[in-house]
Amino acid sequence: MAFGWIDEQADARRRAGLVRTLRPRPAHSPLLDLAGNDYLGLTRHPEVAEGAARAARTWGGGATGSRLVTGTTALHTELERELADFCGFEAALVLSSGYAANLAAVTALGPHGSLIVSDAGNHASLIDGCRLARGTTQVVAHADPDAVRKALRTHDGPAVAVSDTVFSVDGDAAPLTALAEACRERGAGLVLDDAHGLGVLGDGGRGAPHAAGLAGADDAVATVTLSKSLGSQGGAVLGPARVIDHLVNTARTFIFDTGLAPAAAGAALAALSVLRREPERAARARAVAGELHARLTAAGHQAVRPDAAVVSVRAPSPERALRWAADCRAAGLAVGCFRPPSVPDGISRLRLTARADLSGGQIERAVQIIGATRP
Ligand code: PMP
């Protein structure tokens, strides 16, 4: 029978307690949400919603075609200018997701004959970029600039190192300055996925590359998502104009993909305008993360010190992590649950996202529920 083999896999998943299911989220949930990635609380900001609505009224429900054909509107070019300017890069290219942005950056900058050095903790989209790229990938130890240096020394010719700036599982930051140094010694490029840094790290949320003095460098490229701190949907690659031109001409997830929906571009532009006006949102998201971590640690939980807005709490086993998350939900708190195979190290965690708009009372309640439901 066609697809018969998938039943065996499904059985194995059930036996291991690793079945995933989709659960529609109500528009107005009574749950306290520490599971989403709306770091700055902008998704439902009236200006962001109105930015999306105005764009949809002007341009319709979709971009109508790929960016090189009919899918580029004035909103796309305005968003590219604004993202580049805000984050301190020369140019930007907007794609339909952060995932597509990572595939574009890694495949276009890791051509045949090149070496791609990839951190073992990188996000799946960077990993898939490495798999799709024609260059050879070497995976190196997590957050280890010396391992990157060693790998780069094994290769003559074009090379690039790729890393998350803030790792999505544990919320720890990459050592960007040391990474850039290791790359520069060998004339290699650096691609940084700032999905969890934009809007949270750097001056007014300008991101981790900006904070590390790498924004605008001729050997550094950043990718971002519009779907977390900017409360919209979509992604972008930021870098030197010649790199962006190269992507426009060669990156398949840019060329063969329908342009980002104008409503998403309109929402992201509105979010950037709010962030420019209210830069304190970034510091507040970091402070909430720090407070969550401090309170959880004081209550005896094993929480990783957050470098941005992601707070990771260790769970004893995948089953107990799942039960813990379900018990939190039943008590009114939505948290993320990371377990194998999403986490290659086999360590299951609850994943909490700090939000700039969380009140002291909400933080207190979250910590109390996590403590009361502890497995
Ligand atoms: N990179 C990282 C580190 C992420 O966490 C995510 C989102 N889960 C992405 C890239 C992909 O971004 P998007 O959701 O916009 O495709």
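Residues numbered from 1 in each chain as written. Predicted model: local features only at pLDDT ≥ 70, side-chain atom pairs only at ≥ 80, totals over all residues.

Our focus in this paragraph is the overall build of the chain. Of regular secondary structure, the chain possesses 14 helices and eleven strands. At 21 Å, the chain has a C-alpha radius of gyration in line with the 21 Å of a compact globule built from 375 residues. Expressed as lengths along the three principal axes of its C-alpha atoms, the size of the chain is roughly 55 × 55 × 50 Å. Evaluated residue by residue, the chain yields a buried proportion of 50% over its 375 residues. Long-range contacts, defined as pairs at least 24 residues apart, comprise 72% of the intrachain contacts of the chain with a sequence gap of at least 6. (Helix = DSSP H or I, 4+ residues; strand = E, 2+ residues; numbered from the N terminus. Rg over C-alpha atoms; globule rule 2.2 N^0.38 Å. Buried ≥ 20, exposed ≤ 12 C-beta atoms within 10 Å, placed from the backbone. Contact = placed C-beta atoms within 7 Å.)

Partitioning the chain into structural domains gives domain 1 (27–44 + 279–372) and domain 2 (46–277). Contacts between the two partners involve 23 residues from domain 1, matched on the other side by 24 residues from domain 2. Per-element tally for the side of domain 1 that touches domain 2: the top contributor is helix α12 (residues 280–298), with four residues. (Domains from an automatic or database assignment.)

Time to look at the packing of α12 against helix α14 (residues 360–372). The N-to-C vectors of α12 and α14 enclose an angle of 35°; their axes lie 10 Å apart at closest approach. Read as a crossing pair, α12 and α14 show a hand that is right-handed. Every residue of α14 that contacts α12 at Val288, Glu291, Leu292, Arg295 and Leu296 is listed here: Ile363, Val367 and Ile370. Its residues assigned to classes, the contact of α12 with α14 comprises six nonpolar, no polar and two charged. (Axes fitted to C-alpha atoms, helices over the stretch in contact; angles between N-to-C directions. Left-handed = near helix turned anticlockwise from the far one by under 90°. Nonpolar A, V, L, I, M, F, W, Y, C, P; charged D, E, K, R; others polar.)

Looking now at the sheet that holds strand β6 (residues 189–193). Taking strand neighbours across the sheet as the criterion, the seven strands line up as β2-β8-β7-β6-β5-β3-β4 in an open arrangement whose pairing is mixed. At either end of the open sheet lies a strand with only one pairing partner, and these are β2 (91–95) and β4 (136–140). Taking the axes of each pair of neighbouring strands and ignoring which way they run, one obtains an average angle of 20° across the sheet. As paired elements, strand β5 (residues 159–164) and β6 share five bridges and run parallel to each other. Across the sheet, the residue bridging to aspartate 164 is aspartate 193, located in β6. Sheet strands in contact with helix α3 (residues 74–87) are β2, β7 (220–225) and β8 (235–239), and its direction is about 130° off that of β2. (Pairing = 2+ DSSP bridges.)

Not every one of the 14 residues close to the ligand is listed here, only the nearest: Ser97, Gly98, Tyr99, Ala195 and Thr225. A class-by-class count of the residues in the shell around the ligand yields two nonpolar, ten polar and two charged. (Near = placed C-beta within 6 Å.)

Another point: the sheet that holds strand β1 (residues 32–34). The four strands lie next to each other as β1-β10-β11-β9, forming an open sheet whose pairing is mixed. The sheet terminates laterally at β1 and β9 (310–314), the two strands that pair on one side only. Ignoring which end each strand starts from, the neighbouring axes of this sheet average 35° apart. Packed onto the sheet, helix α13 (residues 318–330) meets β10 (333–338) and β11 (349–353) and runs at close to 165° relative to β10.

Our next topic: the environment of alanine 74. Mapped onto the secondary structure, alanine 74 falls in helix α3. Residue classification places alanine 74 among the exposed positions, given that 11 C-beta atoms sit within 10 Å.

Once that is clear, we can look at the packing of helix α2 (residues 46–59) against helix α11 (residues 262–277). Helix packing for two helices is described by the angle between their axes and how far apart those axes are. Relative orientation of the contacting elements α2 and α11 amounts to 145°, with a least axis distance of 7 Å. Pair α2 / α11 crosses with right-handed handedness. Across from Glu47, Val48, Glu50, Gly51, Ala52, Arg54, Ala55, Ala56 and Trp59 in α2, the residues of α11 making contact are Pro262, Ala263, Ala265, Gly266, Ala267, Leu269, Ala270, Ala271 and Val274. Considering only residue class, the contact of α2 with α11 consists of 13 nonpolar, two polar and three charged.

Mapped onto the present numbering, the UniProt feature "domain: Aminotransferase class I/classII large" (unreviewed entry) falls on residues 31–370. Between the end C-alpha atoms of residues 31–370 the distance is 14 Å, and the span holds 43% helix and 16% strand. (UniProt positions renumbered as here; feature names shortened; annotations may be inferred.)

Before going further, it helps to examine unusual backbone geometry. Cis geometry is found at the peptide bond from proline 340 to proline 341, where omega equals 5°. As for its position among the elements, proline 341 is in the loop between β10 and β11. Here the phi dihedral of phenylalanine 3 falls at roughly 65°; this positive angle occurs in a residue that is not glycine. Counting through the fold element by element, phenylalanine 3 comes out in the segment before α1 (5–15).

Attention now moves to the nonpolar core. Among the nonpolar cores identified, the biggest contains 122 residues, and Ala104, Val237 and Leu238 are the most heavily contacted of them. Per element, the largest residue contribution to this core is eleven residues, and it comes from α11. Here this core gathers at least three residues from each of two domains, domain 1 (27–44 + 279–372) and domain 2 (46–277). (Core = buried A, V, L, I, M, F, W, Y, C linked by C-beta atoms within 7 Å.)

On to the pairing of β2. Side chains on a regular strand alternate between the two faces of the sheet. For β2, the tally of buried residues reaches four of five residues, placing the bulk of the element in the interior. As judged from the five bridges shared by β2 and β8, these two strands associate in the antiparallel manner. Note that in β8 the partner of leucine 95 across the bridge is glycine 235.

The next subject is α12. Its 19 residues give α12 an end-to-end C-alpha distance of 27 Å, which sits within 8% of 27 Å, the value for a rise of 1.5 Å per residue. Where α12 is buried, its residues contact α11, β9, β11 and α14. Glycine 300 sits one or two residues past α12 and shows a positive phi near 90°. (Expected span 1.5 Å × (residues − 1).)

Now for α3. Given a rise of 1.5 Å per residue, 14 residues ought to cover 20 Å, and the 20 Å separating the end C-alpha atoms of α3 matches this to within 8%. What α3 keeps buried is the set Leu75, His76, Leu79, Glu80, Leu83, Ala84, Phe86 and Cys87. For α3, the angular spread of buried residues about the axis comes to 165°, placing them on one side. Seen from the open side of α3, the exposed residues pointing more than 90 degrees away from its buried face are Ala74 and Arg81. Packing partners of the buried residues in α3 comprise α2, β2, α8 (208–211), β7, β8 and α11. Looking one or two places after α3, you find glycine 88, whose phi comes out positive at around 85°. (Arc of directions from axis to C-beta.)

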